[in-house]
Amino acid sequence: MTVTAAQGFLASGVAAGIKESGAPDLALVVNHGPSRAAAGVFTSNRVQAAPVRWSRRVLADGRISAVVLNSGGANACTGPSGAVDTETMAARTALAVGADGPDAIAVCSTGLIGVPLPMDRITAGIDAAAAQLSPTGGADAAVAIKTTDSVHKTAVVTGPGWTVGGMAKGAGMLAPGLATMLVVLTTDADVSAGDLDAALRSAVRTTFDRVDSDGCMSTNDTVLLLSSGASGVVPDPDAFTGAVYTVCLDLARQLIADAEGASKEIEVEVVGAASEEDAVTVGRSVARNNLLKCALHGEDPNWGRVLSAIGTTSAAFDPDRLDVAINGVWVCRDGAAGESRDKVDLSGRRITVTVDLRSGDASAAIWTNDLTAEYVHENSAYSS
């Protein structure tokens, strides 16, 4: 169930001493090929960490041989020295794993913003991680990239003769334009860089980009997809895209489930929209409504807060034709009270809020949780 489920990949995770706790904090994922095809999607935040800038550049030719990841420090807003440190990480990794120079290495970092990385510990950690690379090292790698995550996150889908696996970290600053996440996906299917890019962007658009916990966008968001081609199988394009989507959706749901302070996982379904854009806009507004989050946390099916959130958008709808269901009970019909709120069971962890705009045929889903504004304010830190 890890990034090494696909043939051709080795991984490891070690404690390099970046975190004061002594917990694992540095990971490697190495592609032994024969293919080195790769694709990536990054944060849309205009303030971008040095590793994001580096990885964007090295992925321009659609090839990387390995990824080095550290937790315990974001290497964001660290000035020219941060860029030097990123290149140093890439160069040391290339040397340690036998890759063709630093331009073959993607770099990912996560943790506090504005704090320089302890490069002596990181370079030593890279050497230690390279010595421990293993086809069973995926779980160790997933543990090493955690920050405030309570659990490590992995997923695998198997196709006919090929596999897609992945790992992710993220438990706060979850908002559109990815989240405060690092994700590495691997496959042994023989897929070109262009097709990897198309599959990844399609999957991210309707999974990670639909996760919205606290409305805070990160500086370090990175999702990478690497192909070893080791299976020798050229997959059906639709089947491969579907597998990448399934892994991304699994990991996205794990991110929401582990978001800091959450006790409820909420899926906002919007149907009957005039366009997908309208559906996403409405879903995002409902998902970000802290009054609704508080109500659902308190197990109160307060559908009025759903209508209030819809009303702040520019989507096409008639206020007197809005329908809302909470966990399958249509508590609002035609913009007014529908079935009795007493029928709604909110005792479980998972909640579905369905909005029917009755304006068209488009739909979308947004995933959020009951993390409240007060929690975000009291517990926020400059991290990524």
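Our structure's up above, just so we're on the same page.
Quick caveat, the model's predicted, so the values are computed rather than measured. The numbering scheme is per chain: residues are counted from 1 as the chain's sequence reads. pLDDT decides what is reported in this predicted model: residues at 70 or higher carry local features, side-chain atom pairs at 80 or more are listed and counted, and totals for whole chains, interfaces and linings draw on all residues regardless. Side-chain metrics rest on all non-hydrogen atoms present in the structure, leaving aside hydrogens and water.

Student: Is there a simple way to think about the sheet that holds strand β7 (residues 162-169) in this case?
Tutor: Pairing between strands is defined by DSSP: at least two bridges between the two strands are required. Put simply, DSSP marks the helices as runs of H or I at least four residues long and the strands as runs of E at least two long, and each gets a number from the N terminus on. Taken in spatial order, the five strands make up an open sheet running β3-β9-β8-β7-β6, and their pairing is mixed. The strands lining the two open edges of the sheet, one partner per strand, are β3 (38-42) and β6 (153-159). In this sheet, adjacent strand axes meet at a mean angle of 10° when their direction is disregarded. Bridging between β6 and β7 involves seven bridges; their strand directions are antiparallel. Of the residues in β7, the one forming a bridge with Lys 153 is Ala 168. Helix-sheet contacts for helix α6 (residues 237-257) involve β6, β7, β8 (182-187) and β9 (222-227), and the interaxial angle to β7 is about 25°. Geometry is summarised by axes, namely lines fitted to C-alpha atoms with helices restricted to the contacting stretch, and by angles between N-to-C directions that run from 0 to 180 degrees. We call two residues contacting when some pair of their heavy atoms lies within 4.5 Å.

Student: For this particular structure, what's the right way to read the sheet that holds strand β5 (residues 105-110)?
Tutor: What holds strands together in a sheet is hydrogen bonding between their backbones, with the strands either parallel or antiparallel. Strands sit in the order β1-β2-β4-β5 across an open sheet of four strands; the sheet is mixed. Looking at strand neighbours, the two that pair on one side only are β1 (9-14) and β5, the edges of this open sheet. Averaged over all neighbouring strand pairs, the angle between strand axes comes to 10°, with direction disregarded. Of the strand pairs in this sheet, strand β2 (residues 26-31) and strand β4 (residues 66-71) are connected by five bridges, and their pairing is antiparallel. Paired with Leu 26 across the bridge in β4 is Asn 70. The sheet strands contacting helix α2 (residues 79-97) are β2, β4 and β5, and the helix crosses β5 at an angle near 125°.

Student: Where do I start with the side chain of Asn 220 in this structure?
Tutor: Among the secondary structure elements, Asn 220 is positioned in the loop between α5 (193-205) and β9. Under the relative-accessibility criterion, Asn 220 is labelled buried at 3%. Side-chain atoms alone can form a polar contact between residues adjacent in sequence; in general such a contact is a pair of N or O atoms within 3.5 Å, and within protein one must be able to donate a hydrogen while the other accepts it. Within the structure, the side chain of Asn 220 is placed 2.8 Å from the backbone oxygen of Ser 109, a separation counted as a polar contact. One polar contact links Asn 220 to Thr 219, side chain to side chain, over a distance of 2.5 Å. Classification of residues uses two cut-offs on accessible area relative to the type maximum, computed with a 1.4 Å probe and protein chains only: under 20% is buried, over 50% is exposed, and between them is partly exposed.

Student: Looking at this model, I keep getting lost on the packing of helix α1 (residues 50-58) against α2. Mind explaining?
Tutor: Think of two packed helices as two axes; the pair is described by the angle between the axes and how far apart they sit. Where α1 contacts α2, the axes come no closer than 9 Å and their chain directions differ by 55°. Considered as vectors, α1 and α2 are oriented oblique to each other. Regarding α1 and α2, the two cross each other, and that crossing is right-handed. Contact residues: Ala 50, Pro 51 and Trp 54 in α1; Gly 82, Ala 83, Thr 86, Glu 87 and Ala 90 in α2. What sets the label is the angle itself: under 35 degrees gives roughly parallel, over 145 gives roughly antiparallel, 65 to 115 gives roughly perpendicular, and the rest give oblique. We call a crossing left-handed when the near helix sits turned anticlockwise from the far one by less than a right angle, and right-handed when that turn is clockwise.

Student: Help me understand the pattern of salt bridges, please; the structure alone is not making it clear to me.
Tutor: Think of it this way: side chains of opposite charge can pair up when their charged atoms draw near. What makes a salt bridge here is a side-chain nitrogen of Lys or Arg within 4 Å of a carboxyl oxygen of Asp or Glu, nothing more. The tally for this structure, following the rule as stated, stands at 18 salt bridges. Of the charged contacts, one joins Asp 103 and Arg 57 as a salt bridge, the two residues approaching to 3.0 Å between their closest N and O atoms. Here the residue Asp 103 occupies a position in the loop between α2 and β5, and Arg 57 occupies one in helix α1, the gap between them amounting to 46 residues. Its relative accessible area of 45% is what places Arg 57 among the partly exposed residues. One salt bridge connects Arg 205 with Glu 276, and the closest N-O pair in it is separated by 2.6 Å. Note that Arg 205 is positioned in helix α5 and Glu 276 in helix α7 (residues 276-287), a separation of 71 residues in sequence. Assessed through its relative accessible area of 32%, Glu 276 is described here as partly exposed. A single network of salt bridges, built from pairs that share partners, joins Asp 323, Arg 333, Asp 334 and Arg 358.

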